[in-house]
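# Examining the three-dimensional arrangement
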Amino acid sequence: MPKLIIDNQEIDVQPGTKVIDAAEQLGIMIPRFCYHPALGSVGACRVCAVKFLQGPFKGVQMSCMIDAKDGMVVSTTDEEAVDFRKYVIEWLMLHHPHDCPVCDEGGHCLLQDMTVAGGHGLRRYQGKKRTHHDQHLGPLVQHEMNRCIQCYRCSRFYQKFSGYRDLGVLQIGERVYFGRYQAGTLESPFSGNLIDICPTGVYTDKPSRFIGRRWDYERTPSLCINCSLGCHTVVSTRYREIVRQEARFSEAVNGHFICDRGRYGFFYASQEKRPRYAQINGNEVSWEKSIQTARDQLNRISQESGPGAVASVGSVRSSLETQAALSRLCQKKGWQGPVYWIDHGQEMNVKTAAAELADELAVSLRDVEQADYILAVGADPVNEAPMLVLALRQAQRMGAKVCFLDPRPIGLPFSFQHISVAPQAMDLILAHLLKETIDQDTIKGLEPHEKKIFDAIPNNSHLVSSNQKLLNAVANDIRLSQRLVIVCGTDVVSETIPERAAYFARLLAKMGKQVGLFYLLPGANAFGAALLSDDAPTFGRILDEIEAGLVRALVLVENDPYGYYPDRPRLERVLQQLDLLLVMDYLDVRTIQDADVFLPTLTLYEAGGFFVNQEGRIQKASIAYQGGHPISQFSNGNHPPRSFRNQIPGKEAQPAWQALIELANENSATPKQGVRADILAWLVKTHPLFSKLPPDNAFPSDGIRINPGKDIHFRSAADRLVVPTLASESADQMELITVDWTFGTEELSTRSPHLRKMESKPCVFMHSNDAAQLDISEGDKVAVRSDTGIVSIHVTITDNMAPGVLIIPRHQRLDWQHLGASKITVSKDQIRKIREEEPC
Amino acid sequence: MNTDKNESPMTQILADLKALAIGFATTFKHLFQKPFTEEYPEYKRPLPARSRARIILTRDPDGGERCVACYLCSAVCPVSCISMQSAEQADGRRYAPWFRINFGRCIYCGLCEEACPTAAIQLTPDFEMCKQDILALVYEKEDLLVDHGGKDKQYNFYQYAGVVTDVGEKGTHIKEEKPVNIRSNLP
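Residues numbered from 1 in each chain as written. Chains lettered and ligands numbered in written order. Predicted model: local features only at pLDDT ≥ 70, side-chain atom pairs only at ≥ 80, totals over all residues.

The next point concerns the overall build of chain A. What chain A contains, in helices and strands, is 29 helices and 35 strands. For chain A, the C-alpha radius of gyration of 29 Å lies close to 28 Å, the compact-globule estimate for 840 residues. A principal-axis box enclosing the C-alpha atoms of chain A has dimensions of 85 × 75 × 60 Å. Buried positions account for 53% of the 840 residues belonging to chain A. (Helix = DSSP H or I, 4+ residues; strand = E, 2+ residues; numbered from the N terminus. Rg over C-alpha atoms; globule rule 2.2 N^0.38 Å. Buried ≥ 20, exposed ≤ 12 C-beta atoms within 10 Å, placed from the backbone.)

Laid out in C-alpha cells, this is it:
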C-alpha cells in the first residue's frame, strides 16, 4: 500500500491509485477537466498540475497521469503549480466565447468554476477567436462547439466506454472538432450522458434548454422506473415541475451514467393531460366523495355477492408501499388478487425469477462488468434494460466474451456471439449447452432431484446440429471461464427458461466457478410484485369471471390493461359488464374513460417510495416536490397569477397507498400522516424477507438486497423442469412474438414528447428466408391476421434473427392488441402483402 | 458657557442679550433672502443618472430586448424580489416570457445591475412609485421594459456572444475568425 504525503497530510492508498484520486480521498479536490473516474486519464487538459517535491518524480506533473507511490511528497498549493494552472485556464479561455449568460451549463460549469477559482477575470489576448459550426445532434442533445476545451471526454465516453462510433474527433491542432461526420440524431441510447460529462457547455440538455439555472432547482435523489434496473437519478424541480433528470452515482447499480429513456422518461409527471381530479362517471367530484362512493359500492357488492365478487389489479410500476397497501386491503376484505400481470406467461417467468434468485447467485449491474463470460438468454438489453449494454461493454472491454441466445435481431455496440433460434427452441439449446458444459464429477455429486432434471435433457436434435459449431465453441468458453454471469430475460422466453438458467447457474457454481445470475424483469417494481402476489388469480381468469357475472367490481391500481392485454375488443366488452370499475392512476390511461369512479394518484416524484429492482435490491426515491399543476401550465406560459390561495392548485391527488388505506378504513377520517409507516410496519411483520428493512433516515443510498436465501423457495420448482418439448416444426408455421423497444413501447417514456421524436416507426422483423418465401421485400406493408383481428405493419428484413419468427413491437402507435395473445403461431397464409393505401 | 466667577452679574446679562440680538438679526436678515429649500413635489430636483431607484429593462440599439433571462440578477438579489422564466425565441435569442420585480421588497441596492451581463437591467433615478395597494408594487415585464438603452446606449450582447441568432451567424460577430472547415486540413 503506497503511502504518500499530499499537502502535509499522509494517506495510504490502494496500489494503482492516481495521485488525483488520492488527494480526493483526503478531501483535496484537484481541478480537472479531462480526468473522469469512469473514463480514466489522458492528460489532455493539463489543469490537474501539482508539484512533486520528493519521490520518483520531481517538479510540476499532471496528477491524473501518475500513480501514487511510496515516499511521494506532493503540494497542490505550491506557487509554481498554482501559476501553471492559472496559465492553463487562461489558455483554455483564449477561444472560449463570451456566452455564459445564454449557456445552459452556466451555474454548474466546471470551466466556469475553475476560471473564477483561478482568478482569470480579464482577457489579455486581443486576437480573434476561433469559431466552429454546430451540428444538429437530434432532439435530446444541443451542440455548441465554440465552447469546447478539447478534454476528449465526449469521444472517450461515446466510442471507448459505450462502443458507439458515430460521434468522435475530427480535425487537428487547435481546429479539433467533436461531432459527427454528418449532422444527424446520435445513434447511442446513452447520448444524454454527454451532457453530464462535458465539463463545459458543448453538449447541453435540449429538452430543458433555456429553462433555468442549477441554483434555482430543488435537486432530489430519485430512481428511474422506466425499466427494471432501477438506476439512480437526481431530479431537478422548479415551479412545481420536473425540469431535468440526471444520473446519480451509484456504486452498485448504474455507476456514473443512465440511458436516455431514463433521463427523459419523466415527462409523464407534468403532462398537460394528466388527470388531477377525482371523477365519478366522468364528472369531477371531491376526493372524499369519490372515496365514499367507491367504498359504499364495494361494500354493497361484497355483501350482495360475497367478497370474491371484487377483484383487484396492481401494477409493477407502483411503489412497494402501494403494492403492500393493496395486498393488505385485499386480505382484509377478502377480495380476489391483487393480480400484477396481464400476461400470465410473463407472470410465471417473473415469479420464477424472484424465487430462483438466491442471495449467493444475485449480482448487481456493476458486478456484471467484472465477468469474464456472459451468457444472455432471451434478453435484448438495448430494448429491455439499456444500462445493461454499458455493463456488458465494460466486461467486453476487459476481455470478456458475450453470447446471446435470442430470436431477436440483437444490436449491441461491440462484437458478440449470437445464437438466433426460435423462442420454442431456446430451452432445448440452453439445456444442450448445459449438458455440454457440466463435467462428470459435478453430475455425480448432484442431489437426486437435480440429477433427475439433468437426466431428462434429451440428446442432440436437428436443431442443435444446425448450430453445432457455435454451440461447441460457446460450451468450451463457458468451461474455460472463471467469473460467469448468466443474463436471463423474462419477456419472450418460455416458462421453463428462467428456471433452467438458475439451474445452469447453480450447477456451474458447483463446478467451482464464480457465477452470477442476472434477470431482466418487466417493470420497475416487478420483483416486489412477485413477492407480494403469491397465490393470486390470473387476469384471464378474472375476465372470465366478469363475463360469467361472478366478479362484479374491479379495482385497477396504476395498471392499464388496455396497454397490455392482447385482445382489445374482448377487454372493452368485458369491462362494460362490470357494476363498478374503480381506477386509480397518475397517467391519462384509457381505462379512465370506462371508470365509474376514478381517483388521481401521485407519481414517485411526488409521493416517494421504495422500489425493488430486478436483483432484489430495495431502493428509495425521495419526495422531489409537492405536486399540483406546474406553474407554466397554470399560467399558460405567462407570468404566474397575482392572486393568493391556501392550496396548491391541482393537488387533490394522494399517494395510491393513501387511497387504498382510506378504502380499507370504515370511517372516512383517515389521517394523512403516518399511513406510510403503518403500511411498512405491516409489511415487515407479514413478510419475512422485508424484516431487514431499515428506517427511512438510515436507509443506505445503494439500498439493501432481499434475495431469498439458499433454502427458501416460494414454489417447489424442481419438478416443473421437464423435458423441453418442441412444437411440431412445420415449414408453414411462424412464431409471432411481441417485444419491447427502447423507445416507443414502455408506458411511461412514451408520454415524453422528446422521446416520441426518438421513436422509429413500428415495423415487423422478418428473416430474409421467410421474406423471400412470402415474396415480401423491405418496406412492404403486410397484414397479419390472427384469430381475433388484423394488424397491418411495415416489414424490416434482417438476417440477424431466427428464421420462422415474426417480431412485432408492442408499440404505442400500433394496435398490436388485435393479435389476441402476446405470443401466437400464425401460418404463412395469414400474412398478406397489402398496398399502402389499402385499408386493413 | 463662560463661568468666570470674577465677572459681575450685569456683564453676564449684557453678554447674553448680545448673543440673542445677533441670533435674531441673522434670522431677520434671511427673511429678505431667496430660500434655498427645494419645494418637493412642486420642484423636482434632477438626480444624477447613477441614482438608484425604479428598475427598468432596456433594449439594445437595434431595438431587441437585452434581457437574456440568465437569472444572475435574481441570484444576486439579497431580498429575492426578482423572478422570471427564460425561454428560447424563434430567432435563437434567449429571452424572458415573464419577468417580475416586487418593488415592495426591493431595497434598491443595485446588485442586479452590477450582475447583469447584458446591461439589460438598470436602476433609474425615478423613485416616486409609492402605492397604497402593495400588489401594485409588483411590476411585470411590460411595466419594466422601456424602448431605449438606458445608461449604456451602444452595447449589444449578441454581437460579442458568438451564438447564432438574428444578430449573426458563426464567425460574423466582433473579433471572430471564420468557422473552421472540418472537411479540410489546409490552414
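In this section: the overall build of chain B. Within chain B one finds five helices and six strands. Along its sequence from the N terminus, chain B presents helices and strands in the succession α-β-α-β-β-α-β-β-α-α-β. Relative to its length of 187 residues, chain B is extended, with a C-alpha radius of gyration of 29 Å against a globular reference of 16 Å. Each of the three principal axes of chain B carries a C-alpha extent, and together these read 110 × 45 × 35 Å. Residues counted as buried form 29% of the 187 residues belonging to chain B. For chain B, the proportion of contacts with a sequence separation of at least 24, taken over those separated by at least 6, is 71%. (Contact = placed C-beta atoms within 7 Å.)

Attention shifts here to the sheet that holds strand 28 (residues 704-705) of chain A. Residues and elements named next belong to chain A. Taken in spatial order, the three strands line up as 26-27-28 in an open sheet, and their pairing is antiparallel. The outermost strands of the open sheet, each flanked by one partner alone, are strand 26 (609-612) and strand 28. Sheet contacts for helix 8 (residues 320-333): strand 26 and strand 27 (617-621); angle to strand 26, the most-contacted strand, approximately 90°. (Pairing = 2+ DSSP bridges. Axes fitted to C-alpha atoms, helices over the stretch in contact; angles between N-to-C directions.)

On to the packing of helix 9 (residues 344-356) of chain A against helix 18 (residues 497-510) of chain A, then. All names here are of chain A. Close contact between helix 9 and helix 18 brings their axes to 8 Å; oriented N to C, the two are set at 20°. Our classification of the angle between helix 9 and helix 18 gives roughly parallel. Read as a crossing pair, helix 9 and helix 18 show a hand that is right-handed. Together, Asn349, Thr352, Ala353 and Glu356 of helix 9 and Pro498, Glu499 and Ala502 of helix 18 make up the contact between the two elements. The residue makeup of the contact of helix 9 with helix 18, split by class, is three nonpolar, two polar and two charged. (Parallel < 35°, antiparallel > 145°, perpendicular 65-115°, else oblique. Left-handed = near helix turned anticlockwise from the far one by under 90°. Nonpolar A, V, L, I, M, F, W, Y, C, P; charged D, E, K, R; others polar.)

In this section: unusual backbone geometry. For the bond running from Gly337 of chain A to Pro338 of chain A, omega is 5°, close enough to zero to count as cis. Looking at the secondary structure, you find Pro338 of chain A in strand 17 (residues 336-339). Note that the residue after Tyr40 of chain B, namely Pro41 of chain B, is joined by a cis bond; omega there is 5°. Its location among the elements puts Pro41 of chain B in the loop between helix 1 (9-31) and strand 1 (55-57). Phi at Asn636 of chain A is positive, roughly 60°, even though this residue is not glycine. Looking at the secondary structure, you find Asn636 of chain A in the loop between helix 25 (631-634) and helix 26 (656-664).

Further remarks concern the domain arrangement of chain A. Per the domain assignment, the segments making up chain A are domain 1 (3-92), domain 2 (358-521) and domain 3 (733-834). Look at where the C-alpha atoms of domain 1 of chain A and domain 3 of chain A centre, and you get two points 55 Å apart. (Domains from an automatic or database assignment.)

Glancing now at the interface of chain A and chain B. Between chain A and chain B, the contact holds 29 residues from the first and 29 residues from the second. It is strand 6 (residues 129-131) of chain A that contributes the most residues to the side of chain A that touches chain B, three residues altogether. Along the lines of polarity and charge, the residues of the side of chain A that touches chain B split into nine nonpolar, 11 polar and nine charged.

Strands pair in a sheet through their backbones, by hydrogen bonds, and they do so in one of two ways: parallel or antiparallel. All names here are of chain A. Spatially, the three strands line up as an open sheet ordered 11-12-13, and their pairing is antiparallel. Looking at which strands have only one partner, the edges of the open sheet turn out to be strand 11 (218-223) and strand 13 (242-247). Recorded for the sheet is a direction-independent mean angle of 30° between the axes of neighbouring strands. Note: strand 12 (residues 232-237) against strand 13, five bridges, orientation antiparallel. Residue pairing across strands places Val234 opposite Glu246, the latter belonging to strand 13.

The subject of this paragraph is the nonpolar core. Residue and element names in this part refer to chain A. Residues Ile374, Val377, Met387, Ile486 and Leu517 are the most contacted members of the largest nonpolar core, which totals 196 residues. Split by domain, this core shows at least three residues from each of two domains, domain 2 (358-521) and domain 3 (733-834). What Leu517 contacts, discounting residues up to four positions off in sequence, is Leu357, Leu361, Ala362, Val363, Ile486, Ala501, Ala502 and Ala505. Counting 57 residues, the second largest nonpolar core, distinct from the first, contains Ala49, Val50, Met72 and Leu755. (Core = buried A, V, L, I, M, F, W, Y, C linked by C-beta atoms within 7 Å.)

Let us look at the environment of Ile429 of chain A. Here Ile429 of chain A shows up in helix 13 (residues 423-437). For the pair Ile429 of chain A and Leu471 of chain A, spaced 42 residues apart in sequence, the C-alpha to C-alpha distance is 8.3 Å.

Bringing the environment of Phe504 of chain A into the picture now. All names here are of chain A. Position of Phe504 among the secondary structure elements: in helix 18. By the C-beta count within 10 Å, which is 24 here, Phe504 ends up buried. On a C-alpha basis, the gap between Phe504 and Glu746 in space is 30 Å, while along the polypeptide they are 242 residues apart.

So, on to helix 26 of chain A. Residues and elements named next belong to chain A. With eight of nine residues buried, helix 26 lies mostly within the body of the structure. For helix 26, the full list of buried residues reads Ala656, Trp657, Gln658, Ala659, Leu660, Ile661, Glu662 and Leu663. Buried residues along helix 26 sit in contact with helix 7 (287-305), helix 8, strand 23 (553-557), strand 24 (580-585), strand 25 (597-600) and helix 27 (675-686).

Looking now at the pairing of strand 22 (residues 514-519) of chain A. Residues and elements named next belong to chain A. Strand 22 sits mainly inside the fold: five of its six residues count as buried. Bridge count for strand 21 (residues 483-488) against strand 22 is six bridges, and the pairing is parallel. Bridging across to strand 22, Cys488 finds its partner in Tyr519.

Further remarks concern helix 9 of chain A. All names here are of chain A. The first and last C-alpha atoms of helix 9 sit 18 Å apart over 13 residues, in line with the 18 Å expected at 1.5 Å per residue. Judged by how many residues are buried, helix 9 sits mostly within the fold: 11 of 13 residues are covered. Taken residue by residue, helix 9 has Gln346, Glu347, Met348, Asn349, Val350, Lys351, Thr352, Ala353, Ala354, Ala355 and Glu356 as its buried positions. Buried positions along helix 9 lie against helix 18, strand 22 and helix 19 (526-532). (Expected span 1.5 Å × (residues − 1).)

Looking now at the packing of helix 7 of chain A against helix 26 of chain A. Residues and elements named next belong to chain A. Relative orientation of the contacting elements helix 7 and helix 26 amounts to 50°, with a least axis distance of 9 Å. Considered as vectors, helix 7 and helix 26 are oriented oblique to each other. For the pair helix 7 and helix 26, the crossing hand works out as right-handed. Counting all contacts with helix 7, which are made through Ile291, Ala294 and Arg295, the residues of helix 26 involved are Ala659, Glu662 and Leu663.

Before going further, it helps to spend a moment on the confidence of the model for chain B. Note that predicted coordinates carrying low pLDDT should not be read in detail. Per-residue confidence for chain B averages 93 on the pLDDT scale, and 97% of its residues sit at or above 70. Overall fold confidence for the complex sits at a pTM of 0.93, while the interface term, ipTM, reaches 0.89. (pLDDT = per-residue confidence, 0-100.)

A word on the environment of Leu26 of chain A. Residue and element names in this part refer to chain A. Here Leu26 shows up in the loop between helix 1 (19-25) and strand 3 (49-54). Take Leu26: there are 15 C-beta atoms within 10 Å of it, and that puts it in the partly exposed class. Put simply, Leu26 and Ile11 are 15 residues apart on the chain and 7.4 Å apart in space, counted from C-alpha to C-alpha. Here Leu26 is in contact with Ile6, Gln9 and Ile11, once residues within four sequence places are set aside.

Turning to the pairing of strand 26 of chain A, a few remarks are in order. Residue and element names in this part refer to chain A. Alternating positions in strand 26 separate into two faces, Gly609 and Phe611 on one and Phe610 and Val612 on the other, with burial throughout. Pairing of strand 26 with strand 27 involves four bridges; the strand directions are antiparallel. Across the sheet, Phe610 pairs through a bridge with Lys620, a residue of strand 27. Counting the residues in the hairpin turn of strand 26 and strand 27 gives four residues, including Gly616, whose phi is positive at 80°.

For the rest of this paragraph, the subject is the confidence of the model for chain A. Confidence in the prediction of chain A, expressed as mean pLDDT, is 91, and 96% of residues score 70 or more. Segment residues 710-719 of chain A: pLDDT under 50, and 13 contacts once partners within four positions in sequence are set aside and those in other chains are kept.

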